[in-house]
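Observations on the three-dimensional arrangement
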Amino acid sequence: MTAAGAAGAPDPRVDGTGAEPHGLDSSWPSLPPDPAGLLTAGDGRAGAGQLARGSAATPRRGLVLGGGGVLGFAWTVGALRALEEEEGFDVRDVEVCVGTSAGSILAALIGMQVGVDAILRHQQGIPLPADPRIDWDHDTDTGGALPPRPTFGLGSPDLLRQAARHPLQVPPLVAASALLPRGRGTLEPVRRMIDGLAVALLDDRNDVDPATGARPWPRAPQTWIIAMDYRGGDRVVFGRAGAPPASISVAVQASCAIPGWYAPVIIEGHPYVDGGACSPASADVLVDAELDEVWVLAPMVSFAADRPRSPVARVERRFRRVSTRRVLVEATRLHASGTAVTMLGPGPEDLQVMGANLMDPRRRNDVLATSLRTSAAALRREGPGVELIASGTELAAQ
């Protein structure tokens, strides 16, 4: 386990002499209290098989894929490959897949039954003829490492007024997003890519919605896409019952629309932006799903970190610390509902390769190669603090 593990568990960051490897931040795992027992050590394997409900031979699984830009996407592809290889299940067989921002693209691909091997080959630039056609250039289609010059004016005066009237009801990051100018970047390439796959992979399985004209929505697994209503700051789960009608491609486009970088996406007359403004992962949307286990792959969450010298990277690590606490609280709620939770995030070696700008495509290949190795090591308990386990052992015993 990591320093965020059970009390008395060995800390892989510390060698036999008690000294920490150079560059690790010993203060990083100063996380909130753990009333739900989230930090209970497992049996040497990640939480798979430790069924909280203990009824079915095959656990009812959920998968949560967090945001993290171009490099977070690359890290998550490596983590997904490691998860399948180390835990022995196909992520396309989960019951529910939740995606936020960059993670929403992967959630949509998985929901449309695109395999991780095909996604990995596309990342590496070596797709096979039989692979689904992913019409996407990882290096250019997000617009580059820096945003275009934004428009003048506030991003969302409505949301800012909402924050002024009810300051305790609007989280600081949500309120801050309203202050950013409206972005001018476009995510049309994302929409076209997802729409093309939906036409090829879904139209033969489902009819087009006659009410909205929307392309069919992935249903196996259920695919939930997280975005934020830019008027009121509410988190919206597209694909879940009661959500506004939208095609999977437009929902993903909205989920990826970083405030101040990309233009908000209009759905049913409302502007929507990146779901990461509400949460890096939104794992708690699965609280009522009655799943046995949930795997959370969150590029913006880390349970051990480096000590970067760059001032910009130090700011990123501070933000990452806040993100980690937020997702830990969500996992606590999910664990309390009777679900075993496993969280995986980048460790010190991953962070060093990522740097401070998660939108920089020049580091993409290095991040992918590193994640393939470090994520597998983390799941085998051979790597430093990259994962956090919420064991279902104590729940199964009840």
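Refer to the structure above for everything that follows.
A brief structural summary.

1. Digging into the overall build of the chain
Scanning the chain from N- to C-terminus turns up eleven helices and nine strands. Across the 398 residues in the chain, those meeting the buried criterion constitute 56%. The long-range share in the chain, meaning contacts at least 24 apart out of those at least 6 apart in sequence, stands at 77%. Total accessible area on the chain stands at roughly 16,400 Å², and carbon and sulfur atoms take up 53% of it.

2. So, the pairing of strand β1 (residues 61–65)
Buried residues dominate β1, accounting for five of its five residues. Of the two faces of β1, both are covered, the one formed by Arg-61, Leu-63 and Leu-65 as well as the one formed by Gly-62 and Val-64. Bridge count for β1 against strand β7 (residues 293–297) is five bridges, and the pairing is parallel. Within the sheet, the bridge partner assigned to Arg-61 lies in β7 and is Glu-293. Where the polypeptide runs from β1 across helix α1 (residues 69–87) and back to strand β2 (residues 96–100), its parallel neighbour, the crossover connection is right-handed.

3. What to know about the pairing of strand β4 (residues 235–238)
Two strands pair when backbone bridges link them, and strand β3 (residues 222–229) and β4 are joined in this way by four bridges, in the antiparallel orientation. In the strand pairing of β4, Ala-227 is matched with Val-236. From the end of β3 to the start of β4, which pair antiparallel, there are five residues, and Gly-233 there has a positive phi angle of about 80 degrees.

4. Description of unusual backbone geometry
In the segment running from Ala-220 into Pro-221, the intervening peptide bond is cis, with an omega of 5 degrees. Tracing the backbone through its elements, the reader meets Pro-221 in the loop between α6 (188–201) and β3. A positive phi angle, close to 65 degrees, is found at Gln-113, a residue other than glycine. Here Gln-113 lies in the loop between α2 (102–111) and α3 (116–124). Classification of Gln-113 by relative accessible area gives partly exposed; the value is 33%.

5. Notes on the environment of Leu-368
Topologically, Leu-368 is positioned in helix α10 (residues 364–379). Through-space distance from the C-alpha of Leu-368 to that of Gly-72 is 9.2 Å; in sequence the pair is 296 residues apart. Setting aside chain neighbours within four positions, we find Leu-368 in contact with Ala-74, Val-77, Gly-78, Leu-120, Gln-123 and Gln-124.

6. Some thoughts on the nonpolar core
Judged by nonpolar contacts, the single largest core of 70 residues is most densely connected at Leu-63 and Phe-238. No other element matches the ten residues that α1 contributes to this core. Discounting chain neighbours no more than four positions away, the residues touching Leu-63 are Leu-80, Leu-83, Val-91, Val-94, Val-96, Cys-97, Val-98, Ile-110, Trp-295 and Leu-297. Of all hydrophobic cores here, the second largest spans 23 residues; its members include Ile-226, Leu-286, Ala-289 and Met-343.

7. Digging into the pattern of salt bridges
Counted by the stated rule, this structure contains 19 salt bridges. One salt bridge connects Glu-316 with Arg-320, and the closest N-O pair in it is separated by 2.9 Å. You can see Glu-316 and its partner Arg-320 sitting in helix α8 (residues 311–336), four residues apart, about one turn around the helix. Residue classification places Glu-316 among the buried positions, given a relative accessible area of 9%. Look at Arg-320 and you get buried, because its relative accessible area is 0%. Arg-326 is paired through a salt bridge with Glu-330; the nearest N and O atoms lie 2.9 Å apart. Here Glu-330 and Arg-326 lie together in helix α8, a separation of four residues that amounts to about one turn. Owing to a relative accessible area of 32%, Arg-326 belongs among the partly exposed residues under this scheme. Glu-330 sits in the buried class, given a relative accessible area of 2%.

Parameters and conventions
Residues numbered from 1 in each chain as written. Predicted model: local features only at pLDDT ≥ 70, side-chain atom pairs only at ≥ 80, totals over all residues. Heavy atoms only, no water. Helix = DSSP H or I, 4+ residues; strand = E, 2+ residues; numbered from the N terminus. Buried < 20%, exposed > 50% of the residue type's maximum accessible area, 1.4 Å probe, protein only. Contact = heavy atoms within 4.5 Å. Areas by Shrake-Rupley, 256 points an atom, 1.4 Å probe, with all protein chains shown as cover. Pairing = 2+ DSSP bridges. Right-handed = clockwise from strand over helix to strand, strands pointing away. Core = buried A, V, L, I, M, F, W, Y, C linked by side-chain atoms within 4.5 Å. Salt bridge = Lys/Arg side-chain N within 4 Å of Asp/Glu carboxyl O.

Taken by themselves, the reported measurements are silent on function.
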